[in-house]
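Summary of structural features
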Amino acid sequence: MSAEEIRAIELLRRVSYGRVATSMRAMPFVAPARHIVTEGCVLIRMHRGLGYHRACNGSVVAYGADNLSAGPEELWSVQFTGTARTVEPTAEQLAAFGTTPDTVDGEPYDPVYLRIDPQFVTLHTIDYPHTAAGSDPSATADPAERQLHHVA
């Protein structure tokens, strides 16, 4: 693994949720999912009742997560692209996921797990100009001055 891929995996471990994207009946969709990083792959948990796992299983998917709502300190976004496969997690992996929700859209939550073995890893970071301590760079920085860095 490259240094950028290792960094992306480290960042992904800092957040619990992301979004999986693929297509279903030739239409793109994005669905929220809980994730853990294990054995060099991304393991996601979704609600079986929505049926999204069927579109993902055996397909190439993109899984993305970020900390974009964390504020302007160190903003990042990662994306893992690879084939997803339905799996049964180990007891240790289940423990790492933690508590399951009670319901999704009013239905009892029924978890299904998918493993994504990343073939491509992308890391984006967003840097703001340095400002005085205690000020909010997003409030003072001209959007044209903000920089987006891409590492693939």
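First, a word on what this report is: a plain description of the structure on this page. (Residues numbered from 1 in each chain as written. Predicted model: local features only at pLDDT ≥ 70, side-chain atom pairs only at ≥ 80, totals over all residues. Heavy atoms only, no water.)

**What to know about the overall build of the protein chain**
Assigned secondary structure in the protein chain consists of 4 helices and 9 strands. Overall, the protein chain shows an N-to-C arrangement of helices and strands of α-β-β-β-α-β-β-α-β-β-β-α-β. Within the protein chain, buried positions represent 37% of all 152 residues. Within the protein chain, contacts between residues at least 6 apart in sequence are counted, and of these 67% link residues at least 24 apart. Split by element, the accessible area of the protein chain, about 8900 Å² in all, is 51% carbon and sulfur. (Helix = DSSP H or I, 4+ residues; strand = E, 2+ residues; numbered from the N terminus. Buried < 20%, exposed > 50% of the residue type's maximum accessible area, 1.4 Å probe, protein only. Contact = heavy atoms within 4.5 Å. Areas by Shrake-Rupley, 256 points an atom, 1.4 Å probe, with all protein chains shown as cover.)

**Comments concerning the nonpolar core**
Counting residues in each nonpolar core, the largest one holds 27 residues, and the members touching the most others are L12, V20, I44, M46, Y63, V78 and F80. Those elements that provide at least two residues to this core are α1 (3-12), β2 (27-38), β3 (41-47), α2 (52-56), β4 (60-66), β5 (75-87) and β8 (111-127). Among the elements that make up this core, the one with the highest residue count is β8 (5 residues). Those residues in contact with F80 that sit more than four places away from it in its chain are A8, I9, L12, V42, V61, A62, Y63, P118, F120 and V121. (Core = buried A, V, L, I, M, F, W, Y, C linked by side-chain atoms within 4.5 Å.)

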